[in-house]
Amino acid sequence: MSAETESSASGAPVFCAAHMLDSWDERHPQAAFTELATADAPARPDGMLVVAARQELTEFLRHPAVRATDGVHFNLGGKRPLIPLDLDGDTHRRYRGLLDPLFTPKQVARLEPAIRARTNALIDAFADAGSAELMASLCGPLPTYLFIELLGLPATDLPIFLEFKEAVVRPVGATEEEQQANMRAAGDRMYDYLTGVLAQRRAEPPRDDLIGGFLTTELDGERLTDQEIVDICYLLVIAGLDTVTSSLSCLLAWFAEHPDERRQVVADPGQLPRVVEELMRFESPVPLGHRWVTEDIEIRGRRFPAGSKVEVLWAAANADPSAFDDPQTVDFARPHNAHVGFAAGPHRCLGSNLARLELRLAIEEFLRRIPDYEITPGDQVVYTNYGVRAAIRLPVTFPVARG
Amino acid sequence: MRVTVDQSRCQGHALCAMHAPDLFDLNDEGHSFVIADPVPAGLGDAAYTAEAGCPEEAITVEPPLAHAGQARS
């Protein structure tokens, strides 16, 4: 995931190659992504090469000369390489070896009661009202609360995290320079906050949470430094908060507008794991990442010169008709679904199993409590596709359960 | 029928273990490994589905589907 921006000739920030197509539609971006996936050697008007076809993407990411950074540009307001997103090769593998075991399906399954409880507590606040704006009342706070619990931080710090992730994912500013400056300022505040937390935690007895684990774990026989732990937490905060929030908003918006499919899921919640995978393919809430090419390479006959920065479009690969029959259709019974909604290659999403669990349980609980709902008549769902795709305004109306 | 996971390609998407839990499990790092080799009778379709559904093309089934189809026909 990256929130870097480029400026178009008009000066407006341009986020993604698909935004420049006539077929672009904020509500339904899938057609534009299919157009890119089927284009020959797509590139942006500024010359940046774009990888969009499903097969090319897999082979490109597998190439050892394809790297996460050039060692100068880091993701998401980071002043140092984010661990592990901005690292490559053996260094990257060492940290993934430390972090991957914390986020396996078995590990995250322990969080199920906490996820259900927090979801229900948030729904309690609006269940009797008959209407709600789900971004503010559920999708935004849920992953952030859960993440704070996971790290072992006080729930009263929720606003600090909500403000930070908003500033980094959707940076404010009229120009790219202003946006980058605001993003870095927010990043600096988060570094300071995490440094303060660590100092406090080192003075306390060890606790059984992620920070407690980082303080006692060893990598090649050595404890992690404060800087390493801060850099890991920074990445987890930014990767763990907005992505699940955005995904949940996209999925709940989709169910609001597809009552037949919603009733099918209400009648049989057992199919939710499959449903979540298909909707992650279709919505692709994290649409793209960037990679750097360190030497001249050729992938399926296409040249990528040394030093080029490449836009890798997970959302386009997920809408490629050569990989997915009828990609514009949501099909819960898709026989196999090799989607890259959680990215692919060595930097594939570290927290995907936690994200899946949160999405599945939040949707299951929401549909159990509120099986019938619709976008509030006269109002509308508002999507953003800048940075991450999300239903940033999701007003819904529903019958209030009696008794 | 044999099924293998190329550990140098597996990135832990975990889709194989989700869709074919009788054939694949995940190790402590969340990477897939085969738990039923050779593939037991009745799980052939699941093996080919897992192969086609792996985002990293890390799963290989022998014989390949085309040959198996010819063998069946």
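Here, the structure is the one placed above.
Nothing here was measured: the structure is a model prediction, and the numbers come from that model.

Chemist: A description of the overall build of chain B should follow, citing residues and the corresponding values.
Modeler: Counting secondary structure elements, chain B contains three helices and four strands. Across chain B, helices and strands are ordered from the amino to the carboxyl terminus as β-α-β-β-α-β-α. Its C-alpha atoms give chain B a radius of gyration of 12 Å, within 12% of the compact-globule value 11 Å for 73 residues. By residue count, 40% of the 73 residues in chain B fall in the buried class.

Chemist: I'd like a rundown of the interface of chain B and chain A, residues and numbers included.
Modeler: Chain B puts 16 residues into the contact, and the matching count from chain A is 20 residues. Its residues assigned to classes, the side of chain B that touches chain A shows six nonpolar, six polar and four charged.

Chemist: Outline the sheet that holds strand β12 (residues 374-375) of chain A, listing residues and values.
Modeler: All names here are of chain A. Across the sheet, three strands lie side by side as β5-β15-β12; this open sheet has antiparallel pairing. The open sheet terminates on both sides in strands that have one partner only, identified here as β5 (131-133) and β12. For β12 and strand β15 (residues 395-397), the ladder comprises two bridges, and the chain directions are antiparallel. Note on β15: the bridge partner recorded for E374 is T397.

Chemist: Tell me about the packing of helix α7 (residues 141-151) of chain A against helix α8 (residues 158-169) of chain A, residues and numbers included.
Modeler: Residue and element names in this part refer to chain A. Orientation of α7 relative to α8, taken along the N-to-C sense of each, is 120°, at an axis distance of 10 Å. By the angle between their axes, α7 is oblique relative to α8. The interaxial crossing formed by α7 with α8 has right-handed handedness. Together, P141, T144, Y145 and I148 of α7 and L158, F161 and L162 of α8 make up the contact between the two elements.

Chemist: Describe in detail the sheet that holds strand β8 (residues 288-293) of chain A, supporting the description with residues and values.
Modeler: Residues and elements named next belong to chain A. Strand order in this open sheet of four strands is β3-β11-β8-β4, and the pairing throughout is mixed. Unpaired on one side and paired on the other, β3 (49-51) and β4 (66-67) mark the two borders of the sheet. Where β8 lies against strand β11 (residues 309-313), five bridges are found, and the strand directions are antiparallel. In the sheet register, G289 faces β11, and the bridge partner there is V312. Where helix α2 (residues 54-62) meets the sheet, its contacts fall on β3, β4 and β11, and the angle it forms with β3 comes to roughly 110°.

Parameters and conventions
Residues numbered from 1 in each chain as written. Chains lettered and ligands numbered in written order. Predicted model: local features only at pLDDT ≥ 70, side-chain atom pairs only at ≥ 80, totals over all residues. Helix = DSSP H or I, 4+ residues; strand = E, 2+ residues; numbered from the N terminus. Rg over C-alpha atoms; globule rule 2.2 N^0.38 Å. Buried ≥ 20, exposed ≤ 12 C-beta atoms within 10 Å, placed from the backbone. Contact = placed C-beta atoms within 7 Å. Nonpolar A, V, L, I, M, F, W, Y, C, P; charged D, E, K, R; others polar. Pairing = 2+ DSSP bridges. Axes fitted to C-alpha atoms, helices over the stretch in contact; angles between N-to-C directions. Parallel < 35°, antiparallel > 145°, perpendicular 65-115°, else oblique. Left-handed = near helix turned anticlockwise from the far one by under 90°.

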